Amino acid sequence: MKNSRLMILAILLLAGILITQLNQIRNLDKQLRQAKADLKQTKLSHKKSETIVSSPQSQQDNVSGSTKIVTSFVKTFSNQPTSSYPEILKGMASQKGINELTQTFAPSVTFSDKAHYDVPLVAIKNGWGSDLNYLVVVKSDVQSVAYAITYDTDEKKVTNMSRLTLKGAFDNEK
């Protein structure tokens, strides 16, 4: 009788241990899947960082080309009538950017047919990443206007812009 009680107690103890181990296997499986997902994400992030670090010349070429496109974009819209923006700027800017420029910024700036606008300053805020932020100053004999422009290197288009206030006259010769 005493042996059978010990045997039952041992069986119950082993059954409890077995149930606990089975529950831990499920938890460990979840942790393993999460760890694999984290590892995959880390590898992708590392690969992207490695690409940027290992190819600064490529990024520099990318920024240089983007700066030329932004300069061309600003020269185009500042020396053309507002009504021609949808046709002329197509491919250079997103539709949102063209609409914003047509409806918000251009009417508040006097782009006369006789005035010629130059782009004396195109400055980049951050040269790393897919969205490059530029400060652009447009100047004529009469007025100077500053814009903050976002250029998406993946889409190869101006995606966002805002007009900035200039205090006093802008003179790039000083």
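Residues numbered from 1 in each chain as written. Predicted model: local features only at pLDDT ≥ 70, side-chain atom pairs only at ≥ 80, totals over all residues. Heavy atoms only, no water.

### Notes on the overall build of the chain
Rules: Secondary structure elements follow DSSP: runs of H or I of four or more residues count as helices, runs of E of two or more count as strands, with numbering from the N terminus. Any residue under 20% of the maximum accessible area for its type is buried, any over 50% is exposed, and the rest in between are partly exposed; the area is computed with a 1.4 Å probe on protein chains only. Residue contacts are defined here by distance: any two heavy atoms, one from each residue, within 4.5 Å place the two residues in contact. Only the protein chains shown count as cover for residues, and all accessible areas are computed by the Shrake-Rupley method using a 1.4 Å probe.
For the chain, the count of helices and strands is four helices and four strands. Order of helices (α) and strands (β) in the chain, N terminus to C terminus: α-α-α-α-β-β-β-β. Per-residue burial over the chain gives 25% buried out of 174 residues. Summarising the internal contacts of the chain: among those between residues at least 6 apart in sequence, 45% fall at separations of at least 24. As displayed, the chain has an accessible area near 12300 Å², and 57% of this comes from carbon and sulfur atoms.

### Let's talk about the environment of D154
Inspection of the secondary structure assignment puts D154 in the loop between β3 (144–152) and β4 (157–164). Distance from D154 to D131, taken between C-alpha atoms, is 8.1 Å for residues 23 residues apart in sequence.

### Some words on the pattern of salt bridges
Note the cut-off: Should a side-chain nitrogen of Lys or Arg be within 4 Å of a carboxyl oxygen of Asp or Glu, the pair is scored as a salt bridge.
Inspection of the entire model under this criterion finds one salt bridge. Its salt-bridge partner being R33, residue D29 comes within 3.6 Å of it at the nearest N-O pair. With a gap of four residues between them, D29 and R33 both fall in helix α1 (residues 2–54), about one helical turn apart.

### Details of the nonpolar core
Let me state the cut-off plainly: Within this scheme, the nonpolar core is defined by two criteria: the residues are buried Ala, Val, Leu, Ile, Met, Phe, Trp, Tyr or Cys, and they are joined through side-chain atoms within 4.5 Å.
Ranked by internal contacts, the top residues of the largest apolar core, which has 22 residues, are F73, V74, F77, L89, Y134, V136 and I149. No other element matches helix α2 (residues 56–78), which puts five residues into this core.

### Some words on unusual backbone geometry
One non-glycine residue, K156, lies in the positive phi region at around 60°. As for its placement among the helices and strands, K156 is situated in the loop between β3 and β4.

### Details of the confidence of the model for the chain
Heads up, the rule is: A residue's pLDDT is the predictor's confidence in that residue, given on a scale from 0 to 100.
In the predicted model, the chain carries a mean pLDDT of 78, and 81% of its residues have values of at least 70. For the chain, helix α4 (residues 95–105) is the element with the lowest average pLDDT, namely 76, and α1 is the one with the highest, namely 85.

### Digging into the side chain of D152
By the secondary structure assignment, D152 is in strand β3. Ignoring sequence-local partners within four residues, the contact set of D152 consists of S130, D131, K157 and T159.

### A short note on the side chain of S66
As for its position among the elements, S66 is in helix α2. Owing to a relative accessible area of 3%, S66 belongs among the buried residues under this scheme. When sequence neighbours within four positions are dropped, the list of residues in contact with S66 reads L132, Y134, Y151 and T153.

### Considering the pairing of strand β2 (residues 131–139)
The two faces of the sheet receive side chains in turn, since in a regular strand these alternate between them. Stated precisely, the cut-off is as follows: The pairing criterion for strands is at least two bridges between them, as found by DSSP.
Two strands pair when backbone bridges link them, and strand β1 (residues 118–124) and β2 are joined in this way by five bridges, in the antiparallel orientation. Looking at β2, one finds that A123 is bridged to L135. The pairing of β2 with β3 spans nine bridges and is classified as antiparallel. Residue L135 lies in a different strand from β3, and its bridge partner there is A148. Counting the residues in the hairpin turn of β2 and β3 gives four residues.

### Here's the deal with the sheet that holds β2
Under the convention used in this document: For every element, the axis is a line fit to its C-alpha atoms; helices are fit only across the contacting stretch, and the angle between N-to-C directions ranges from 0 to 180 degrees.
The strand order across the open sheet built from four strands is β1-β2-β3-β4, with neighbouring strands paired in antiparallel fashion. Looking at which strands have only one partner, the edges of the open sheet turn out to be β1 and β4. Each adjacent strand pair in this sheet contributes to an overall mean axis angle of 25°, direction not counted.

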